[in-house]
Amino acid sequence: MKLKQNIFLLIFTILLLLGLTGCGKKTVVLDDYLEFSSEGYDTKGTATVSFDYRKFEDEYGKKIKFKKKDERRKFIKEYSLKSSISDAKLLISTCVKLELDEDSNLSNGDTVNVKFDCDEELAEEYFGVEFSYSDVEYTVENLKKVDKFNPFDYIKVTFTGTSPNGSVSIETDKAKKREELQYFTFNPNKIEGIKIGDTIKVIAECDINDDEFIEKFGSIIEKTENEYKCDNIDRYVTKADEISEKAMNELIAEGNSILNEDAASGLSETEKLINVAYVGNYFLSAKAGISNWSENYLYLVYKIQVSNSKYAQLDYYDYVRYEDIKLLADGNFSLDLSNYQTARTRLEHFYPEEGGYFYYGYQDLSSFTNDCITSKADNYEYTTSITQ
């Protein structure tokens, strides 16, 4: 008798525990009620996932009840639902949201994943339900296959001008005569202010939609954007080392000739030009984002020696300056040799008994540097080959 009482007590305890922990909670496996569909054309397909309310209603219509009947009307109004909605459908409509990680531009064979967004607390509080769900994958199939048309196969993108102020132009290839092109407009995301290394995105906009395009031409638009890199246009030189040794030697010789002629023509009968010697160069390159009159300057600096028959030798410094030197796309250099400048600062030197003599130049390199180089430091980066 005592054994039977113990068994009865054990069974009662188990049932009590189950009642306390479960409290009549129902588990709904959401995976069983998903409906997946895909349609359209290969590479341009779309996919949708939905909940099979009819199947769910058939299986749970009588099992799921709204627990707080006196709050049902307020609950339904809060979610803008009809009062005639069943409790089973009310559960799913308020507590379950579905979405796909990818739902457009799909191809046959692509895999898409269903993402669940469930309000577990709401489901338990008002319906006494807990959800069970897992990662669900679907494979896209049965998309219609059609030919593909790539509009970028029939255009020519050209970069012109001088970096960093280059520009881009787009032309259709008239020789290939594709009727489809009349419906396209090609728009680059940047037209001007292009430098070497920049990547330009071109968008192809079609005047008709995919279905109309397929009906008219029997093909689908394969790409609507493409990227093009600017890698070979003229550019402004940014440092003297970029100028070839041959070109630099020619410029130095030209500068020497200019200053020999200028210095000799300005001397009096008692003066004599002894030497014009190249000292080195300063190269100034415009800082990015700052508008300047010229993109670069090359100062070729020379030491000039003159003497007076009665007095000691005089040394001073002059320069020949060139600007906007370019390295062309074909590897050659370009500059206007006639567009040069020499020193405009007057240097006065007094000889005893003869008075003052005037020269154009600087008494020392420091004076030249302060006047011509560091005064431009806010707008230009500069380098020099002069070590003295």
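A few points on the structure. For clarity, every value in this text was computed on a predicted model and none was experimentally measured.

## Section: a negative patch on the surface
Right, so step 1: Taken together, the side chains of Glu99, Asp101, Glu102, Asp103, Asp117, Asp119, Glu120, Glu121, Asp135 and Glu137 define an acidic patch exposed on the protein surface.
Right, so step 2: Here Asp103 shows up in the loop between strand 4 (96-100) and strand 5 (111-118).

## Overview of the sheet that holds strand 5
Right, so step 1: The three strands are arranged 4-5-7 in an open sheet whose pairing can be described as antiparallel. Two strands in the sheet have a free side with no partner beyond their single neighbour: strand 4 and strand 7 (136-139). Here the strands of the sheet are splayed against their neighbours by 25 degrees on average, with no regard to which way each runs.
Right, so step 2: Examined bridge by bridge, strand 5 and strand 7 share four bridges and lie antiparallel to one another. Across the sheet, residue Thr111 finds its bridge partner in strand 7, namely Thr139.
Right, so step 3: On top of the sheet, helix 4 (residues 87-95) reaches strand 4 and strand 5; it is set at about 55 degrees to strand 4, its chief contact.

## Things to note about unusual backbone geometry
Right, so step 1: Between Ser163 and Pro164 the backbone carries a cis peptide bond, its omega angle lying at 10 degrees.
Right, so step 2: Counting through the fold element by element, Pro164 comes out in the loop between strand 10 (162-163) and strand 11 (166-172).
Right, so step 3: The phi torsion at Asn105 lies on the positive side, around 55 degrees, for a residue other than glycine.
Right, so step 4: By the element assignment, Asn105 lies in the loop between strand 4 and strand 5.
Right, so step 5: For Asn105, a relative accessible area of 52% corresponds to the exposed category.
Right, so step 6: The phi dihedral of Asp324 is positive, around 50 degrees, even though this residue is not glycine.
Right, so step 7: Secondary-structure assignment places Asp324 in the loop between strand 20 (311-323) and strand 21 (326-327).
Right, so step 8: Under the relative-accessibility criterion, Asp324 is labelled partly exposed at 26%.

## So, the sheet that holds strand 17 (residues 234-236)
Right, so step 1: Read from one edge of the open sheet, four strands run 10-17-21-22, paired in mixed fashion. With partners counted over all chains shown, the strands left at the sheet margins are strand 10 and strand 22 (333-334), one partner each.
Right, so step 2: Two strands pair when backbone bridges link them, and strand 10 and strand 17 are joined in this way by two bridges, in the parallel orientation. Across the sheet, the residue bridging to Ser163 is Arg235, located in strand 17.

## Concerning the pairing of strand 16 (residues 225-229)
Right, so step 1: Alternating residues of strand 16 divide into Asn226 and Tyr228, all buried, and Glu225, Glu227 and Lys229, none buried.
Right, so step 2: Bridge count for strand 14 (residues 199-206) against strand 16 is five bridges, and the pairing is antiparallel. Paired with Ile200 across the bridge in strand 16 is Tyr228.

## A short note on the side chain of Ser307
Right, so step 1: Here Ser307 is to be found in strand 19 (residues 296-308).
Right, so step 2: Leaving out residues up to four positions away in the same chain, Ser307 has contacts with Thr270, Glu271, Lys272, Ile274 and Gln313.

## Some words on the nonpolar core
Right, so step 1: The biggest cluster of nonpolar side chains holds 36 residues, and the ones touching the most others in it are Leu30, Phe56, Leu91, Phe127 and Phe131.
Right, so step 2: If we skip the residues at most four places from it in the chain, Phe127 touches Ile64, Lys65, Phe66, Lys67, Phe75, Asp87, Leu90, Leu91, Thr94, Cys95 and Leu122.
Right, so step 3: Residues Ala247, Phe283, Leu347 and Tyr357 belong to the second largest nonpolar core, which totals 28 residues.

## Remarks on the pattern of salt bridges
Right, so step 1: On inspection of all chains with the given rule, the structure shows 10 salt bridges.
Right, so step 2: Note that Asp87 is salt-bridged to Arg72, the shortest N-O span being 2.8 Å. Placement of Asp87 in helix 4 and of Arg72 in helix 3 (residues 72-78) is noted, with a sequence separation of 15 residues between them.
Right, so step 3: Overall, Asp87 belongs to the buried group, its relative accessible area being 17%.
Right, so step 4: Overall, Arg72 belongs to the buried group, its relative accessible area being 19%.
Right, so step 5: Taking the shortest distance from any N to any O, the salt bridge between Arg178 and Glu180 comes out at 2.7 Å.
Right, so step 6: A residue is classified by how much of its surface remains accessible, and Glu180, at 6% relative accessible area, is buried.
Right, so step 7: Several salt bridges share partner residues, and in doing so they unite Lys190, Lys195 and Asp198 into one network.

## Here's the deal with the packing of helix 4 against helix 5 (residues 120-127)
Each pair of packed helices can be described by the angle between their axes along with the distance between the axes.
Right, so step 1: One way to put it is that helix 4 packs onto helix 5 with a least axis distance of 9 Å and a crossing angle of 155 degrees. In terms of orientation, helix 4 lies roughly antiparallel with respect to helix 5. The two elements helix 4 and helix 5 cross, and the hand of that crossing is right-handed. Packed against helix 4, whose contacting residues are Asp87, Leu90, Leu91, Thr94 and Cys95, the element helix 5 presents Leu122, Ala123 and Phe127 at the interface.
Right, so step 2: Split by residue class, the contact of helix 4 with helix 5 holds six nonpolar, one polar and one charged.

Conventions adopted
- Residues numbered from 1 in each chain as written.
- Predicted model: local features only at pLDDT ≥ 70, side-chain atom pairs only at ≥ 80, totals over all residues.
- Heavy atoms only, no water.
- Patch = residues over 30% accessible without salt bridge, like charges linked within 9 Å, V, L, I, M, F, W, Y side chains within 5 Å.
- Areas by Shrake-Rupley, 256 points an atom, 1.4 Å probe, with all protein chains shown as cover.
- Salt bridge = Lys/Arg side-chain N within 4 Å of Asp/Glu carboxyl O.
- Lys, Arg positive; Asp, Glu negative; His and termini not counted.
- Charge placed at Lys NZ, Arg CZ, Asp CG, Glu CD.
- Helix = DSSP H or I, 4+ residues; strand = E, 2+ residues; numbered from the N terminus.
- Pairing = 2+ DSSP bridges.
- Axes fitted to C-alpha atoms, helices over the stretch in contact; angles between N-to-C directions.
- Contact = heavy atoms within 4.5 Å.
- Buried < 20%, exposed > 50% of the residue type's maximum accessible area, 1.4 Å probe, protein only.
- Core = buried A, V, L, I, M, F, W, Y, C linked by side-chain atoms within 4.5 Å.
- Parallel < 35°, antiparallel > 145°, perpendicular 65-115°, else oblique.
- Left-handed = near helix turned anticlockwise from the far one by under 90°.
- Nonpolar A, V, L, I, M, F, W, Y, C, P; charged D, E, K, R; others polar.

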